[in-house]
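# Coordinates in review
Listed here are the chains, written in short residue letters.
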Amino acid sequence: MVFIILNKYGLKPLSVFRWPNYIEIMSYKHSPTLIEKVAETLKIIPRLHSEPKDEIPSLTEPGDLTDYPPPEQWDDWVEYEAKGWAKKQKKHYSIIPTTCFNCESACGLLAYVDKENGKIRKFEGNPYHPGSRGRNCAKGPATINQINDPERILYPLKRVGKRGEGKWEKVSWEDVLDDIAGRIRKALQEKRNNEIVYHVGRPGHEGYMDRVLKSWGVDGHNSHTNICSSGARFGYNIWHGDDRPSPDYANANFILLISAHLESGHYFNPHAQRIMEGMMSGAKLAVMDPRLSNTASMANYWMPSYPGSEAAVLLAMVKVMLDEGLYNEEYLKTWVNWDQYLTKEHPEVECSFENFIDTLKKVYADYTPEFAERESGVKTVTIVEVARLIGKAGSRFACHNWRSAGSGNLGGWAVARCLHFLTVLTGSVGTVGGTSPSGWNKFKPIFFDNPPAQKFWNELHFPNEYPLAFFEMSPLLPHFLKEGRGRMEVYFTRVFNPVWTYPDGFSWIEALTDEEKIGLHVAMTPTWNETAYFADYVLPMGHASERHDINSYETHSGMWIAFRQPVLREAARRAGIETTFTYETNPGEVWEEDEFWIELSWKIDPDESLGIRKHFKSPYREGEKITVDEYYRFIFENIPELKEKAENEGLSALDYMKKYGAFEVEKTSYQKNLKELSPTDVEGSKVDPKSDIVSKNGKNIGVKIGGKTVTGFPTPSRKQEFFSQTMIDWKWPEYTIPTYIKSHVHPDKLDIEKGEFPLVPTFRLPVLIHSRSTNAKWLTEIANRNPIWIHTSDAARFKLKTGDLVRVNTEIGYFVDKVWVTESIKPGVLACSHHLGRWRRPEDGKGNSWGTNLVSIKNLEKGKWKMSTIRGIKPFDSDDADSSRIFWSDGGVHQNITFPVHPDPTSGMHCWHQKVRLERAHDDDKYGDIFVDTDKSFAIYKQWLAMTRPAPGPDGLRRPLWFPRALRPDDDTYYIDKQ
Ligand code: SF4
């Protein structure tokens, strides 16, 4: 049993306290009443007040962490039963660390394995995890729901009948591997390498899949990033070659969030802890968001900006700070490519820093706070006040934009770019209390073997129309297939559910059911989802406690590595039982990807003629297949600090990670741009006398600053790039410096009289996981509906009250939802949470009944799809008694399926915000009704495609060489003519 307790400031909602400790606190001063004494004497209740001293060991831990069992007792931890504590009923547990899989943060978990029955009883936080420090959000402990879900997939399934018909048969892992391996082998032998695709939803694995795909020689990595975060990534990358911010909230004096980041953002439990620490030490918080989110309600400044106007507000702050001298001259002079800017863009002025500042003032003169107020609705006085506080915070200014505005708008990437401008102006890049590039906090493992980069470029993922697309153009995949740009022989979807999470889900259904375009669809998933219904194989993969993985993320200004491990396998090992495969200890035959890929790769190349097997041979046993333990052993024992620490405890590095689950590689990771190049790097390098750039073998590797040769940033100038030659080279000269781009939902583009609104469909509910919480009963119980947020003034205009049905018309169809009339949304803006509206059809049988509506889907005529709700959620029979106690009936509405694709022509990010027309529901409309015309969605794809400026760029490149790719192919493939 866990409790979430607020401290006296109400600022620590994420702390989890354990039950026995709570009892100890609660009963500490209690003296028995007369009635209690009599009841005890008569044995009506247990004798509570004169028992001998507690026999259970106390919860102790050195330092601040006082609520966790000491690790020397993790092999046999004893505590009282929650319901039997009064009788002193004891339970013996094996406590085994792993990491949460319910968002990217990978917080530490401790699994309590009941030694009596070998089952996991509960999950709590792991105090040894440097990112989460023993705390979790609601989704962490709810892992227990996921593993005990009575409707989970327990065995590999193969489709029977037509794809999508809902008929399945149980098959063996051996048969699955043989079938898939045979198809891949044939494709590789026939040089159809680009027909093998791995499409990841929830990532992880720190390089594991890169190794697998490279060993196969396929350019087969696809991801969900272009519906998630690539807008913000692009904005950060264009500045300094790293695509994510890593704010040092705990030490900041001022924090600015373009989102509800405190409650539901990226790495949100680790970040939330540190935002609160910062605030409790006096930091001020400003939140820019059209919704009064929980985060905004905790802020000192809520800036309810019109969607898409954020960059205008940020540039107005830039102007205030420039005009008032609130900038860090030393930092700008040293670390910004201002001289390049003046030389190229303003040859008429002398190249001096003073002239740079003067030019900036002129260039941004029109971004007055009054202009920003007109665009955003945020008051001038607030903009000025916040700008001054940011300037005053100086190098202790921390900020973040991840999804939110960066993922909602045409040109949303400019929001992150303008936000980072503030970081540069204040000189808070990588400082104590500032914001670092993400790469400084991320541990990069050393592998036992590194296959060469693939020699293929897959234009289904990186088409020439989007040369700067930060990640794969995955939302367009169905349209590319429709246009005949390619096909896929084997398509793996891994914890990935585009039919439901992506825009334009019916186009995905059309593509997935076309066996010509997709030869074999393999859905690797821990739970049923709307995409798995249209698979050929559904392969059950483990939840957090049922798989191996390593994690390392930029949760704060340090660096850590954590070990996700299958806890029942580890419990078996502690009990002296060795296993070969993880499915031997998991429920049913639930497996894990790591071992699956080793076995599959081995089978693809039985005679070693494809050169694949050699990449899966043990570094410890000559010629033999590597085991998953050996894979991680090699990584861990190649971290010298970890190896040393483990040896001090008489453990191997692998055993240390099995025991503690995490290791802190660096306590702090500030200002790595100042790291001096090693003598080996410097040897044979050249320094450009004009720019001071240090290069070697044709690559820029550092920069000379103040007589020292330092690393700098991974950009062409090795500095912060205020001015981007890349944007000029790739045909976007209007975006050479940070600027404001008007969104596709700008008021100029709406007809308010006709009932048009911008719809913000991106906000998250803190307790839900994108598409994996419908199997977690606690989470679904807390959040199960997604009404349209509408301001009271707009509701009055439409004569709506809370609960009324509306029809929300998008460019390709409509959905019917209820409204929630509230003051917590900016007037003129609608919002709807992206989590709910999960569904299954009658033919899909059981699965996720805690939160799926039962729907019927009809293809009325070519391209015209209608979805109707047959019924909402209701109690169901299962082994879990709670399934008969379901009291909620509303499962929400699937809004995303009614959205067309909106690929930003520069960053490639899908621009989620929608221009919609609101009307009262029609007489025959029912809650949850959905209509979509996929011919219209194809036409809108074409409209947005026409906005692109395709490759080639300089030298016949299809993409700048300095731009990263998730699975980077050989450099030659970057040249269109060389492939
Ligand atoms: S923040 Fe993410 S990783 Fe951490 S407990 Fe919550 S869901 Fe799990």
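Everything numeric here is computed off the predicted structure, so don't read it as measured data.

Rules and cut-offs
Once a new chain begins, its residue numbering starts again from 1 and follows that chain's sequence as written. A pLDDT threshold of at least 70 governs which residues receive local features in this predicted model, and a stricter bar of 80 or more applies before side-chain atom pairs are shown or counted, although totals over entire chains, interfaces and linings include all residues. To get the side-chain values, all heavy atoms of the structure are used, and hydrogens and water are removed first. Note on conventions: DSSP H or I runs of at least 4 residues are helices, E runs of at least 2 residues are strands, and numbering of each starts at the N terminus. With the radius of gyration taken over C-alpha atoms, the globule rule is written as 2.2 Å times the number of residues to the power 0.38. Only protein chains enter the calculation, and the probe is 1.4 Å; a residue is then buried if its accessible area is under 20% of its type maximum, exposed if over 50%, and partly exposed in between. Contacts: residue pairs with any heavy atoms within 4.5 Å of one another. Pairing of aromatic side chains here covers Phe, Tyr and the six-membered ring of Trp, requires ring centres within 6.5 Å, and sorts the geometry by plane angle: under 30 degrees stacked, over 60 edge-to-face, intermediate tilted. We count a charge as sitting over a ring when the NZ of a lysine or the CZ of an arginine lies within 6 Å of the ring centre and within 35 degrees of the ring normal. To count toward a patch, a residue needs a relative accessible area above 30% and no salt bridge. Like charges then connect within 9 Å, nonpolar side chains (Val, Leu, Ile, Met, Phe, Trp, Tyr) within 5 Å. For accessible areas, the Shrake-Rupley method is used with a probe of radius 1.4 Å. Any residue's cover is judged against the shown protein chains and nothing else. Any Lys or Arg side-chain nitrogen found within 4 Å of a carboxyl oxygen on Asp or Glu counts as a salt bridge. Summary of the distance rule: residues count as near a molecule or strand when at least one heavy atom falls within 4 Å of that molecule or strand. Residues are sorted three ways: Asp, Glu, Lys and Arg are charged, Ala, Val, Leu, Ile, Met, Phe, Trp, Tyr, Cys and Pro are nonpolar, and all the rest, Gly among them, are polar. Each pair of strands is called paired provided DSSP finds at least two bridges between the two strands. Comment: axis = line fitted to C-alpha atoms, over the contacting stretch for helices; angle = value between 0 and 180 degrees taken between N-to-C directions. We define a polar contact as two N or O atoms separated by no more than 3.5 Å, with the added condition that, inside protein, one atom must be a possible hydrogen donor and the other a possible acceptor, whereas residues neighbouring each other in sequence contribute only through side-chain atom pairs. Should an angle lie under 35 degrees it is considered roughly parallel, over 145 roughly antiparallel, and from 65 to 115 roughly perpendicular; all remaining angles are considered oblique. Two helices crossing with the near one rotated counterclockwise from the far one by less than a right angle form a left-handed crossing, whereas a clockwise rotation gives a right-handed crossing. The span one expects for a helix is its residue count, reduced by one, times 1.5 Å. Known as pLDDT, the predictor's per-residue confidence is scaled from 0 to 100.

Let's shift gears to the overall build of the protein chain. Regarding its fold elements, the protein chain presents 30 helices and 36 strands. Its C-alpha atoms give the protein chain a radius of gyration of 28 Å, near enough to 30 Å, the size a compact globule of 979 residues would have. Structurally, the protein chain occupies a C-alpha span of about 95 × 75 × 65 Å along its principal axes. Residues classed as buried in the protein chain amount to 62% of the 979 residues present. Sequence separation of 24 or more characterises 71% of the internal contacts of the protein chain that already satisfy a separation of 6 or more.

Looking now at the packing of aromatic side chains. Applying the stated criterion across every chain, the model contains 70 aromatic pairs. The lysine or arginine in question, K978, covers the ring of Y975, its NZ or CZ lying 4.5 Å from the ring centre.

What follows covers a nonpolar patch on the surface. Residues L34, V38, L42 and I44 make up a contiguous nonpolar surface patch of about 440 Å² in total accessible area. Looking at where L42 falls in the secondary structure, it is placed in the loop between helix 2 (34-41) and strand 3 (77-80). Classification of L42 by relative accessible area gives exposed; the value is 57%.

Taken together, the neighbourhood of the ligand is formed by C100, N102, C103, S105, A106, C107, N136, C137, K139, G140, F268 and N269. Class assignment of the residues belonging to the shell around the ligand gives a composition of six nonpolar, five polar and one charged.

It is worth spelling out the sheet that holds strand 12 (residues 254-257) at this point. Pairing within the open sheet is parallel, and its four strands lie in the order 14-13-12-15. Either end of the sheet is taken by a strand with one partner, and the two such strands are strand 14 (301-303) and strand 15 (397-400). If you compare each strand with its neighbour and ignore which way they point, the axes differ by 15° on average. As judged from the four bridges shared by strand 12 and strand 15, these two strands associate in the parallel manner. Bridge pairing links I255 to A398 in strand 15. Seen against the sheet, helix 17 (residues 413-425) touches strand 12 and strand 15 and runs at an angle of roughly 170° to strand 15.

This brings us to the side chain of N145. Looking at where N145 falls in the secondary structure, it is placed in helix 3 (residues 143-148). Owing to a relative accessible area of 6%, N145 belongs among the buried residues under this scheme. Separated by 3.3 Å, the side chain of N145 and the backbone nitrogen of K777 make a polar contact. Setting aside its immediate chain neighbours within four residues, N145 contacts N775, A776, K777, W778 and L779.

Let's shift gears to the pairing of strand 27 (residues 756-760). Taken across its five residues, strand 27 has five buried, putting it largely inside the fold. Here strand 27 shows no split at all, with E756, P758 and V760 on one side and F757 and L759 on the other all buried. When strand 27 meets strand 35 (residues 914-920), the two strands line up antiparallel, connected through four bridges. Of the residues in strand 35, the one forming a bridge with F757 is V916. Where strand 27 lies against strand 31 (residues 830-831), two bridges are found, and the strand directions are parallel. For V760, the partnering residue across the bridge sits in strand 31 and is A831.

Let us look at the packing of helix 14 (residues 369-376) against helix 15 (residues 380-393). Close contact between helix 14 and helix 15 brings their axes to 8 Å; oriented N to C, the two are set at 120°. Taken together, the axis directions place helix 14 and helix 15 in an arrangement best described as oblique. Crossing angle aside, the handedness with which helix 14 passes helix 15 is right-handed. Residues P369, E370, A372 and E373 of helix 14 form the contact with helix 15, whose participating residues are T380, I383 and V384. Its residues assigned to classes, the contact of helix 14 with helix 15 comprises four nonpolar, one polar and two charged.

Over its 13 residues, helix 17 extends 19 Å from the first C-alpha to the last, a length consistent with the 18 Å expected when each residue adds 1.5 Å. Most of helix 17 is tucked away: 13 of the 13 residues are buried. Backbone geometry just after helix 17 places G427 at a positive phi near 65°.

A residue-level look at the protein chain finds 94% of positions with pLDDT of 70 or above and a mean pLDDT of 93. Counting interchain partners and residues more than four positions distant, the pLDDT-below-50 stretch residues 1-28 has 55 contacts.

A word on the sheet that holds strand 9 (residues 196-200). Taken together, seven strands build an open sheet; the order of strands is 8-7-19-18-17-9-10 and the sheet is mixed. Looking at the sheet topology across the chains shown, the edges are occupied by strand 8 (168-170) and strand 10 (221-223). Sheet twist, expressed as the average angle between the axes of neighbouring strands with direction ignored, equals 20°. In this structure, strand 18 (residues 518-525) lies alongside strand 19 (residues 537-540), joined through four bridges in parallel fashion. Note on strand 19: the bridge partner recorded for M524 is L539.

As a further point, take the pattern of salt bridges. In this structure the tally under the stated criterion is 76 salt bridges. Linking K659 and E649 is a salt bridge whose minimum nitrogen-to-oxygen distance equals 3.9 Å. A residue pair is termed long-range when its members are at least 10 positions apart, and K659 in helix 25 (residues 653-660) and E649 in the loop between helix 24 (640-648) and helix 25 qualify at 10 residues. Accessibility expressed as a relative area gives 37% for E649, which makes it partly exposed. With a closest N to O distance of 3.4 Å, R841 and E843 form a salt bridge. Here E843 falls in the partly exposed class, since its relative accessible area comes to 38%.

Most of helix 21 (residues 567-574) is tucked away, with six of its eight residues classed as buried. Those residues of helix 21 that fall on the buried side of the exposure criterion are V567, L568, R569, E570, A571 and A572. Close packing links the buried residues of helix 21 with strand 4 (90-99), strand 5 (108-114), strand 6 (120-125), helix 22 (593-604), helix 23 (628-637) and helix 25. Remark: G576 follows helix 21 within two positions and exhibits a positive phi of approximately 85°.

Bringing the side chain of D804 into the picture now. By the element assignment, D804 lies in the loop between helix 29 (792-797) and strand 29 (805-809). What makes D804 buried here is its relative accessible area of 14%. Among the polar contacts made by the side chain of D804, one reaches the main-chain amide nitrogen of K801 at a distance of 2.9 Å. With residues near it in sequence (within four places) discarded, D804 still touches K799, D817, K818, V819 and R920.

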